[in-house]
Amino acid sequence: MSTVAKAMTIAGSDSGGGAGIQADLKTFHQLGVYGTSAITAVTAQNTLGVAGVYPLPTEAVTQQIREVLRDIGADAAKTGMLFDAAIIRAVAEEVRAFRLEKLVVDPVMVAKGGAKLLLDEAIDALKTHLLPLAEVVTPNLPEAECLTGMTIRTPADMREGAKAIHALGARHVLMKGGHLDGEEIVDMLYDGQAFYEMAHSRIHTRHTHGTGCTFSAALTAELAKGKPLVEAVERANRFIVQAIATAPQIGGGHGPTNHWATIE
Ligand SMILES: Nc1ncnc2c1ncn2[C@@H]1O[C@H](COP(=O)(O)OP(=O)(O)O)[C@@H](O)[C@H]1O
Ligand SMILES: Cc1ncc(COP(=O)(O)OP(=O)(O)O)c(N)n1
């Protein structure tokens, strides 16, 4: 029996390779974890933006998850782009059926160029069906605003937003501060009682495509390896900062981060 850690991503395909399934699998691999996937939608995109979105039939998503989990299993899993309410409900059903405890929910809603990766009418389904199953939910500031209806612009707002999202049922909230104004970025973890905050300097670069996906994939990989949550978050944080700092300068727009970054 293999002892290698396994992680599954349930997300959309990014043809440009910087976000979505591709970013997740590269990150899992780089962090020493065997990666599997269930694709929810195919996107035609590059570093300049998303040109097309093609959701898969719900049964195709369900079947991918079932076939992987009934044979290979997963020590941790993450969700990314889920696109519509039917896919969200189907994913939640499989998460419950396979008792996936270490679930990271990245509530992907809109790509950097403005393309919708989650329909507006699916936001309630995300809140009702998936957030209560999450070990960690990882919203950026616009996603946190959408989930809470609050205005979230400062670290103080982030703390209030994290409390509101925790009340939706996620066991932990990891609020990402990449969209804060200023030179200092603060990411914060909330467990329902206390905040654990990590601050770092903003790196000035346009190559930030897929930062959220890459961060949540690194967190999932570390959880799959059995790291305790705070250590997993710290390691994922180091990974994404290093990946942004050493981005490979690919494409004419927002290029990908460096998925072969190291944190040791
Ligand atoms: N310019 C940057 N410099 C350093 N870290 C960044 C930068 N942009 C984002 N990050 C980090 O990348 C991760 C994703 O952040 P964020 O941009 O908030 O999410 P998303 O990519 O989902 O919009 C966070 O850990 C954040 O601290
Ligand atoms: C297929 C797919 N999934 C997710 C995203 C968005 O990823 P994210 O990490 O939030 O990065 P940006 O869009 O902010 O660059 C995507 N673009 N495609």
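Residues numbered from 1 in each chain as written. Chains lettered and ligands numbered in written order. Predicted model: local features only at pLDDT ≥ 70, side-chain atom pairs only at ≥ 80, totals over all residues. Heavy atoms only, no water.

Within the chain, the regular secondary structure consists of eight helices and nine strands. Judged by the C-alpha coordinates and their principal axes, the chain covers about 45 × 40 × 40 Å. For the chain, the proportion of its 264 residues judged to be buried stands at 53%. The long-range share in the chain, meaning contacts at least 24 apart out of those at least 6 apart in sequence, stands at 67%. (Helix = DSSP H or I, 4+ residues; strand = E, 2+ residues; numbered from the N terminus. Buried < 20%, exposed > 50% of the residue type's maximum accessible area, 1.4 Å probe, protein only. Contact = heavy atoms within 4.5 Å.)

On to the site of ligand 2. Neighbouring residues of ligand 2: 17 residues in total, closest Gln-45, Lys-112, Gly-210, Gly-212 and Cys-213. Gly-212 has a polar backbone atom sitting 3.1 Å from an oxygen atom of ligand 2. Considering ligand 2 on its own, with 430 Å² of exposed area, one finds that the protein chains cover 95% of that surface. Elements with a minimum of two residues in the shell around ligand 2: strand 1 (6–14) and helix 7 (211–224). Along the lines of polarity and charge, the residues of the shell around ligand 2 split into six nonpolar, nine polar and two charged. (Near = heavy atom within 4 Å. Polar contact = N/O pair within 3.5 Å; in protein donor to acceptor, adjacent residues only side chain to side chain. Areas by Shrake-Rupley, 256 points an atom, 1.4 Å probe, with all protein chains shown as cover. Nonpolar A, V, L, I, M, F, W, Y, C, P; charged D, E, K, R; others polar.)

What follows is about the environment of Leu-100. Its place among the elements puts Leu-100 in the loop between helix 3 (85–97) and strand 5 (103–105). Taking the C-alpha atoms as reference points, Leu-100 and Ser-2, separated by 98 residues in sequence, lie 19 Å from one another. Excluding its chain neighbours within four sequence positions, the residues that come into contact with Leu-100 are Leu-69, Ala-74, Ala-77 and Val-95.

This part is about the UniProt feature "domain: Pyridoxamine kinase/Phosphomethylpyrimidine kinase" (unreviewed entry) in the chain. Mapped onto this structure's residue numbering, the UniProt feature "domain: Pyridoxamine kinase/Phosphomethylpyrimidine kinase" (unreviewed entry) falls at residues 14–258. The straight-line gap between the two end C-alpha atoms of residues 14–258 is 16 Å; of that span, 40% is helix and 20% is strand. (UniProt positions renumbered as here; feature names shortened; annotations may be inferred.)

Okay, helix 6 (residues 155–166) next. Think of an α-helix as 3.6 residues a turn; residues three or four steps apart then line up on the same face. In a regular helix each residue adds 1.5 Å, so 12 residues correspond to 16 Å; helix 6 covers 16 Å between its end C-alpha atoms and thus fits that length. If you check which residues of helix 6 are buried, you get Met-158, Gly-161, Ala-162 and Ile-165. Buried residues of helix 6, viewed axially, fall in a sector of 105 degrees; they line one side. The elements touched by buried residues of helix 6 are strand 6 (136–137), helix 5 (141–148), strand 7 (172–175), strand 8 (184–190) and strand 9 (195–201). (Expected span 1.5 Å × (residues − 1). Arc of directions from axis to C-beta.)

Strand order in the open sheet made by the nine strands is 3-2-1-4-5-6-7-8-9, with mixed pairing throughout. Edge strands, defined here as strands with exactly one partner in the open sheet, are strand 3 (49–55) and strand 9. By the bridge criterion, seven bridges tie strand 8 to strand 9 in an arrangement that is antiparallel. Within the sheet, the bridge partner assigned to Ile-185 lies in strand 9 and is His-200. Helix 8 (residues 229–245) contacts strand 6, strand 7, strand 8 and strand 9 of the sheet and is inclined by roughly 15 degrees relative to strand 9. (Pairing = 2+ DSSP bridges. Axes fitted to C-alpha atoms, helices over the stretch in contact; angles between N-to-C directions.)

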